[in-house]
Amino acid sequence: MATRKKVLLKVIILGDSSVGKTSLMNQYVNKKFTNQYKATIGADFLTKEVMVDDRIVTMQVSKPAPGPNPLCASIWDTAGQERFQSLGVAFYRGADCCVLVFDVTSPGSFKSLDGWRDEFLIQASPSDPDHFPFVVLGNKVDLDNRAVSTKRAQQWCQSKNGLPYFETSAKEAVNVEQAFKTIARNALAQESDVELYNEFPDQIKLDGGSSDNRSSGGDNCAC
Amino acid sequence: MWVNPKEVYANTLWHNEKLSVYFLLQHRVGHGQGNKLSSLLVGTFDSLFETKPSPYRILHQTPKSEKCYEIACALTESDILKDWEWLENNLDLKIFENEDDVTDFVFCKIKSLVATNASETLDEENSESFKDATIKFHRLFNISRDTNLVCYYSCSYLKNIVPHQGWLYLSVDYLCFYSYLLGIEYKIVVRWTDVINLDKNTGVLTDTIKVITRDKREYRFCMFLHSSEAFDLMKQLVNIAMKGIINDRWFNKDHDLLLKANKYVSKKQSFMKRDLDARAMSESYRLLFRLPLNEKLNGITNALLINMYTKKSVFGQLYLSQNFLCFNSSKTKDPLNVVIPLCDVSQVEKIEHNKDMSFDNAVIITLKQTSANEKPSFFIFSQILKRDFFLKNISDLLGSLETRSSFKFQGTDSISDKEIKQPLRFIFGTKDQDNSIIKIKQRTKEVKWELYFNDHGDSISMYKTKELVKLVLDGIPESLRSNLWLKFSGAYHDMVANPGLYNELVNIASTTKSISHDEIERDLHRSLPEHPAFQSEIGINALRRVLTAYATKNPQIGYCQAMNIIASVLLIYCTEEEAFWLLACICENMLPDYYNNKVVGALVDQRVMDNLIANNLPFIYDILSRLGLIQMISLSWFLTIFLSVMNYQSAIHIVDWFFFDGAKVIFQVALSILEMNHKRLACCRDDGEAMQTLCNYLSGIYNEEFEQSDLYKDGDKIDRSVSVQELINNGYTKFKSVNSKMIENLRVMNRLKVVQSLEDGNEKNIVRLLHLDNYFSSNELMDLLKFVREEVVSVHKRTHVQPLKAETPMEPYESYRIDFHLFETMFTAISPLAKNSGTNNLSVRLFKLMDMNDDGFLNFRELTIALGLTSTVDVTTRLKILYLLHLSPLLSNDSLSSTDPNISESGAEYASDAAEYFNTNISSDIICESNLNDLQTLRSITTNWKKSSICLPIMSEDRFIELCKTMYDLIGNSTIDQEILNNISKISTNLLELGNLNKEESNKSENRNDSEWFINAEQFVATALTVQKLVEFIGARGNVLKALQELRNIYM
């Protein structure tokens, strides 16, 4: 059984400029939304203590402290403009999970996901790139002028080994908590050994049947 | 004989002969006294140290100072006495109040005497010995003639630990070394663009210069006569190469320099060396005085500036360039810096026959009157070496200035009515501005500044002294910010030189669309959202105009996030036009390459910062490397001059100092921040915690002037950490050693590493991407890319390729652009389809097919597809490509009409075909639309070769005959094998018959009789495959590595 433990998870948020990376991070960590964020230069970052569900906690039996363990997740928010991509290598190193964000009102930001994913895999070069945990978030579902359909996004996620997909609104705090819960769980799975990873194969795979779960506010995650 | 003053030790080997208050005449002990012991001893000393001094000398020394300076020397007593008398009769040093002034004055005087006496040995061109070396250089290394040799040095190449004496040749593109000793030859050729590290070790016996290249080879050279000169030149050359890679701008000879008549330049060196030296000097000159980028230094001379406000005179250097006259005294005790734009000068006069010694060789420079009731200001420089030469130069420059100004750009004066003509802080007051305490504080500051202006002037030509430094460190009052920022940073010069340009750019930008504009639009509300000005359309629109105007002015930068944050803060204190020019000055001058498409400059400075931390704060360096935070903490600090990491009212003080003192300021502040957080950082367990700690600390920085107001971040009140004033003072006092020169030096070395690591990443990316195309192995791709890199760099210099704009998103392989010449060379070397005289024809058509955007260049991917389809794919595909290359419009109808086969085979025909193709590129409308459509069809077939079951168009009879000719050519020239030629004619006949059958078939099935002869690709391929020899020949896999090696051997 996995005896290895790590109290710090490193999560990287990637995506085009102004898709809402900073807002998502702040909504999750500080439960707040404001219009007054500056464009992120280089990278920004926040930490949060998260509780993980029972199963994972029981995995870490070797821990002296009884009861569920608090984990500290450090969330790295990055600059979206393309020319900052070359800085990636410094930030991506040692990441446990990568969150790809796009704006559901901007088809361009959705198209860029491929590029962001590739870039991350090259720069971070994780040991098992095919199974590295990515989580995809379609943000700004509170807006009316939606341009990327749920189906299209899900198809893309399916084509990449079934990445978990969530539709979120950082402004109205829709699905943010759930999304980050999955992120934390998958990140932790990455940290633990292969056996632990295999315990939850269904959490990584996107269930094909979930495509009928269309309501934007609902939980589109397959978990 | 007078000598340039140099510091000497008044040791016991000299005996004093004469003495005055400031001078000392000495005689060497033992000289001329026969074989006495002391005489012998001195002789040994002299030969040991290889100093064979003249037996007599005069020293200058002041009573209070320990230091002595030798100012004259002579071989005989009578000579030295003459000099001594001159000193006694001509120098009246009583007029000076303090000893430093005496020393300054003596230096100045002596230097001018030395300069007048120096014999002028000039020769017109490069010296003979240099010409010989150049010829030898080109012969030995077989390097093209347009590569100029810059300099050559005698040194040794260290192979393991054995030195091999030889010559090191440095040119703009290459470092070369040659030695031939005892039958062993060493020849080394390294491109500067391939150098990844350059290092000098100062050893006990000799300095060693180490060069490491991309392929991880290491070369060590030692035993230089002038190791620092050689090393400086190598650094400069490698830096030019790196800047070339960053900006796609390559080195061009400065032809103005050829015409320059300058007596002070020694012509003993090569022209290129002089050119490079002049560049280096101009660069440090521009840096010292914050002058525009194209300013070239004309000359430097020593002079005394007589300060008209304080009546004190200061010794320093007088600089003259096309548009400026500058003066700098770098004495640490009393620094002074003055910049006089020549366009402000109204007259320059000599001052003659003045009794006052300090007015010897003086010149008075009067400036134009700024307003009617004010006295015009003037400057007096005295003790100018070669005053007449200086006067001639300055009058030439003033003369050319007048002719130049008449051609000055006349901007449209139609001011767009939307433009905001005042700083946003006037329109959107914050509550702090109304606070009476703050008002009083501002007023007190203003008074201090006014006092300074009274004593030192307030125009662009103000005296910048150490009192000014103090004022700036205290912060500039709000009302003076825009004015002083412009003048300190040098943005003022560009603004004055280009009136109306801003408005014009705004107008152009408002009617154009680009990716930059979209990016700007996204960030307008994310620049300084906490300020009321940017919660209103007025502020947002102003910011949009400034940023889009700049993106229009400099498309290579376009727009980079961080510029928005800087621009928005500038707009609070400046008008739009001022903010625009300040932004331009930051992007192009003060933080070079920071905002380009790879933010190279910012990456370089991250590494510079690391070096500085390691040198100044080693304990913090250890902490940061433990946390894995090296090279990343300060990125946003630098890119936004701290404006994004602390509240802007605090950061603005750093900006004040930054505009005054340049980029070194951000390093000093950053070091100060780290130093103040030493204890906190030491407690951090991981990178996240450390980032959080610094982040909290930075948000807590406050401005003493706004003591009452609380700090907020994202709506939360935050604890104060330190006042920005304290932070700045700490940085200024503790990290004084961090100066501009040191930073420039570190930047050169780190630029090398950053550029090469970006190139490495880029290469890996390209190989990874193109490996998916499956035409070549990774190794082959790497080698192809290396070859293209080497060639492209030299092609860039020959033909001037328009640099690509930063804003067009590019795949990494698009940055390599291959012209037809290079393509043909590679195609001929690699592909079996090119092994004949008809190559020209095929290569032109293949190039045309692959040049998807018709710009006359293939990108690297297009190149690999073209080569892959003709040398690595299976034989069926290659036959199809051969077939395709004979279809319209690749093979034009014109070339078919020639009935005489002899002509079509001659080289002239092919040459004209190539010429025709490139002509059509210049005016692409010659290709008619239907042709263009056909071409696009063929291109899409080529790019989707593997995906779809392709259907090639049918081929007509005349084209088929051309195809047969090509096959004959291919085989005929390489193997004289009658059997295979017979086989080809056999299949040609078969296919001709097949074409007839096709014609009848289609006439029958479609019930008409106008069908023409045709065959299709499948028929051609199937028939051709029956000839085994042909299959073997066409299907042979090209050996890329071998072919490229052979090419290199030819070229090198």
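Residues numbered from 1 in each chain as written. Chains lettered and ligands numbered in written order. Predicted model: local features only at pLDDT ≥ 70, side-chain atom pairs only at ≥ 80, totals over all residues. Heavy atoms only, no water.

On to the overall build of chain A. Within chain A, the secondary structure is distributed over nine helices and six strands. Summing over all exposed atoms, chain A offers an accessible surface of approximately 9,200 Å²; the carbon and sulfur share of this is 50%. (Helix = DSSP H or I, 4+ residues; strand = E, 2+ residues; numbered from the N terminus. Areas by Shrake-Rupley, 256 points an atom, 1.4 Å probe, with all protein chains shown as cover.)

Check the secondary structure of chain B and you find 42 helices and 23 strands. Burial analysis of chain B (1052 residues in total) assigns 54% to the buried set. (Buried < 20%, exposed > 50% of the residue type's maximum accessible area, 1.4 Å probe, protein only.)

Attention now moves to the nonpolar core. For soluble globular proteins, the rule of thumb is that nonpolar side chains tend to be buried together. One finds Phe120 of chain A together with Phe221, Tyr595, Phe642 and Leu674 of chain B to be the most contacted residues of the largest nonpolar core, which totals 196 residues. Looking at this core, you find at least three residues from each of domain 2 (128–252) and domain 4 (600–752) of chain B. Once residues within four sequence positions are removed from consideration, Phe221 of chain B is found in contact with Cys155, Ser156, Tyr157, Leu168, Leu175, Phe177, Ile188, Asp207, Thr208, Ile209 and Val211 of chain B. Of all hydrophobic cores here, the second largest spans 75 residues; its members include Leu784, Leu846, Leu890 and Val1021 of chain B. (Core = buried A, V, L, I, M, F, W, Y, C linked by side-chain atoms within 4.5 Å. Domains from an automatic or database assignment. Contact = heavy atoms within 4.5 Å.)

All right, on to the pattern of salt bridges then. Counted under the stated rule, the structure contains 27 salt bridges over all chains. Put simply, Glu530 of chain B and Lys38 of chain A hold a salt bridge, and the shortest N to O gap is 3.4 Å. You can see Glu530 of chain B sitting in the loop between helix 16 (515–523) and helix 17 (537–553) and its partner Lys38 of chain A sitting in the loop between helix 1 (21–30) and strand 2 (43–51), one on each of two chains. Given the relative accessible area of 36%, Glu530 of chain B is considered partly exposed. In this structure, Glu588 of chain B engages Lys553 of chain B in a salt bridge whose closest nitrogen and oxygen atoms are separated by 3.3 Å. With Glu588 of chain B in helix 19 (residues 576–590) and Lys553 of chain B in helix 17, this pair connects stretches of sequence that are 35 residues apart. Overall, the relative accessible area of 24% leaves Glu588 of chain B in the partly exposed class. For Lys553 of chain B, a relative accessible area of 28% gives the class partly exposed. (Salt bridge = Lys/Arg side-chain N within 4 Å of Asp/Glu carboxyl O.)

The next thing to look at is the sheet that holds strand 9 (residues 184–191) of chain B. Residue and element names in this part refer to chain B. With antiparallel pairing, the seven strands of this open sheet are ordered in space as 9-8-7-6-12-11-10. Of all the strands in the sheet, the pair left with one neighbour each is strand 9 and strand 10 (195–202). Between one strand and the next, the sheet's axes are offset by a mean angle of 30°, whatever the strand orientation. Strand direction decides the pairing type here: strand 6 (residues 149–159) and strand 12 (residues 218–222), joined by three bridges, are antiparallel. Paired with Tyr157 across the strands is Phe221, a residue of strand 12. (Pairing = 2+ DSSP bridges. Axes fitted to C-alpha atoms, helices over the stretch in contact; angles between N-to-C directions.)

The next thing to look at is the sheet that holds strand 14 (residues 313–321) of chain B. Residue and element names in this part refer to chain B. Spatial ordering of the open sheet is given by 16-15-14-13-19-18-17, a layout of seven strands whose pairing is antiparallel. Each edge of the open sheet carries a strand with a single partner, namely strand 16 (336–341) and strand 17 (345–351). Sheet twist, expressed as the average angle between the axes of neighbouring strands with direction ignored, equals 30°. Bridge analysis of strand 14 against strand 15 (residues 324–329) gives four bridges, and the strand direction is antiparallel. Opposite Tyr319, over in strand 15, you have Cys326 as the bridge partner. Against the sheet, helix 7 (residues 271–289) contacts strand 13 (297–306), strand 14, strand 15 and strand 16, and its axis sits at roughly 75° relative to strand 15.

Below, the discussion takes up the interface of chain B and chain A. If you look at the interface, chain B gives 43 residues, while chain A gives 30 residues. Approximately 3,000 Å² of surface area, both sides summed, lies buried where chain B meets chain A, with 56% of it carried by carbon and sulfur atoms. At the junction of chain B with chain A, the criterion picks out one salt bridge. At the boundary of chain B with chain A, the tally comes to 11 residue pairs in polar contact (both at pLDDT 80 or more). Put simply, the parts of the chain that give the side of chain B that touches chain A at least two residues each are helix 16, helix 18 (563–573), helix 22 (635–639), helix 26 (687–699) and helix 28 (740–771) of chain B. Broken down by element, the side of chain B that touches chain A gets its largest block of residues, five residues, from helix 26 of chain B. Among the residues forming the side of chain B that touches chain A, the class breakdown is 18 nonpolar, 13 polar and 12 charged. (Buried area = accessible area lost by both parts, 1.4 Å probe. Polar contact = N/O pair within 3.5 Å; in protein donor to acceptor, adjacent residues only side chain to side chain. Nonpolar A, V, L, I, M, F, W, Y, C, P; charged D, E, K, R; others polar.)

All names here are of chain B. At a minimum axis distance of 8 Å, the contact between helix 23 (residues 648–661) and helix 24 (residues 664–676) shows a crossing angle of 135°. Here helix 23 is positioned oblique relative to helix 24, judged by the angle of their axes. Of helix 24, the residues touching helix 23 (which contributes Ile654, Trp657, Phe658 and Asp661) are Lys664, Val665, Ile666, Gln668 and Val669. Class assignment for the residues of the contact of helix 23 with helix 24 results in six nonpolar, one polar and two charged. (Parallel < 35°, antiparallel > 145°, perpendicular 65-115°, else oblique.)

Here the focus is the UniProt feature "domain: Rab-GAP TBC" (unreviewed entry) in chain B. Those places that UniProt annotates as "domain: Rab-GAP TBC" (unreviewed entry) correspond, in this numbering, to residues 475–662 of chain B. The span residues 475–662 of chain B shows a helical share of 66% and a strand share of 0%, and its end C-alpha atoms are spaced 15 Å apart. (UniProt positions renumbered as here; feature names shortened; annotations may be inferred.)

Another aspect to go through is helix 5 (residues 113–124) of chain A. Structural remark: α-helix, 3.6 residues per turn; residues separated by three or four positions point the same way. All names here are of chain A. The end-to-end C-alpha distance of helix 5, which contains 12 residues, comes to 16 Å, matching closely the 16 Å that a straight helix rising 1.5 Å per residue would cover. Listed in full, the buried residues belonging to helix 5 are Leu113, Trp116, Arg117, Glu119, Phe120, Leu121, Gln123 and Ala124. Remark: Ser125 follows helix 5 within two positions and exhibits a positive phi of approximately 30°. (Expected span 1.5 Å × (residues − 1).)

All names here are of chain B. A contiguous nonpolar patch, built from Phe426, Ile427 and Ile538 and spanning about 260 Å² of accessible area, is present on the exposed surface. Within the secondary structure, Ile427 is located in helix 9 (residues 424–427). Residue Ile427 is classed as partly exposed on the basis of its relative accessible area of 35%. (Patch = residues over 30% accessible without salt bridge, like charges linked within 9 Å, V, L, I, M, F, W, Y side chains within 5 Å.)

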